[in-house]
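Residues per chain are reported as follows:
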Amino acid sequence: MRDNIFLKGLEFYAYHGALPAENEIGQVFVVDIELKVDLSEAGKSDRVEDTVHYGEVYEDVKAIMEGSPVNLLEYLAEHIAKRINSHYNRVMETKVRITKKNPPIHGIYDGVGIEIVRAKHHG
């Protein structure tokens, strides 16, 4: 199965980072989410109940990204993946990419960040 739902380029201004300047000034974070979901039922039924409502996923991501500051992107990504995997029954796997567009690093780049993939654990 190769079906996916994606939310791409979600931007949040937040105060995450290990450096004091990041916590004081803040910066833009870009989040991309990819959900592995069997979309065949929704494709037949045309019912929102048979898929994952990406508006609700957005609100979950926003709450975490705009919540209390943390040091690491890894921590944010784990929390996002855990929330999605535990809250949406149809999701089998969640990929989270978080990019800092302008971290306090001297150099020329489009951004720096992390990407994780977490499968839902059944049990």
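Treat the numbers as computed from the prediction; the structure is a model and nothing was measured. (Residues numbered from 1 in each chain as written. Predicted model: local features only at pLDDT ≥ 70, side-chain atom pairs only at ≥ 80, totals over all residues. Heavy atoms only, no water.)

1. Let's talk about the UniProt feature "domain: Dihydroneopterin aldolase/epimerase" (unreviewed entry) in the protein chain
Following the UniProt record, one finds the feature "domain: Dihydroneopterin aldolase/epimerase" (unreviewed entry) at residues 5-118. Secondary structure across residues 5-118 comprises 34% helix and 33% strand; the distance between its end C-alpha atoms is 15 Å. (UniProt positions renumbered as here; feature names shortened; annotations may be inferred. Helix = DSSP H or I, 4+ residues; strand = E, 2+ residues; numbered from the N terminus.)

2. Quick look at the pairing of strand E2 (residues 27-37)
The pairing of strand E1 (residues 4-14) with E2 spans nine bridges and is classified as antiparallel. Residue pairing for E2: Phe6 is matched across the bridge by Glu34. In terms of strand pairing, E2 meets strand E3 (residues 91-100) through nine bridges, oriented antiparallel. Bridge pairing in E3 links Val30 to Thr99. (Pairing = 2+ DSSP bridges.)

3. Quick notes on the side chain of Thr99
Mapped onto the fold, Thr99 is located in strand E3. Residue Thr99 is classed as buried on the basis of its relative accessible area, which comes to 19%. Residues contacting Thr99, with those up to four places away along its chain left out, are Val28, Phe29, Val30, Gly111, Val112 and Gly113. (Buried < 20%, exposed > 50% of the residue type's maximum accessible area, 1.4 Å probe, protein only. Contact = heavy atoms within 4.5 Å.)

4. Observations concerning the nonpolar core
Core analysis: the largest hydrophobic core is formed by 27 residues, its most contacted members being Ile33, Leu35, Val61, Met65, Ile84 and Ile98. Of all the secondary-structure elements, those providing two or more residues to this core are E1, E2, helix H3 (54-65), helix H4 (73-87), E3 and strand E4 (112-119). No other element matches the six residues that H4 contributes to this core. Among residues more than four places away in sequence, those in contact with Val61 are Leu10, Phe12, Val31, Ile33, Ile80 and Ile84. (Core = buried A, V, L, I, M, F, W, Y, C linked by side-chain atoms within 4.5 Å.)

5. Some words on a nonpolar patch on the surface
On the surface, Tyr13, Tyr15 and Ile25 cluster together to form a nonpolar patch covering roughly 310 Å² of accessible area. With respect to the element layout, Ile25 can be found in helix H1 (residues 20-25). (Patch = residues over 30% accessible without salt bridge, like charges linked within 9 Å, V, L, I, M, F, W, Y side chains within 5 Å. Areas by Shrake-Rupley, 256 points an atom, 1.4 Å probe, with all protein chains shown as cover. Salt bridge = Lys/Arg side-chain N within 4 Å of Asp/Glu carboxyl O.)

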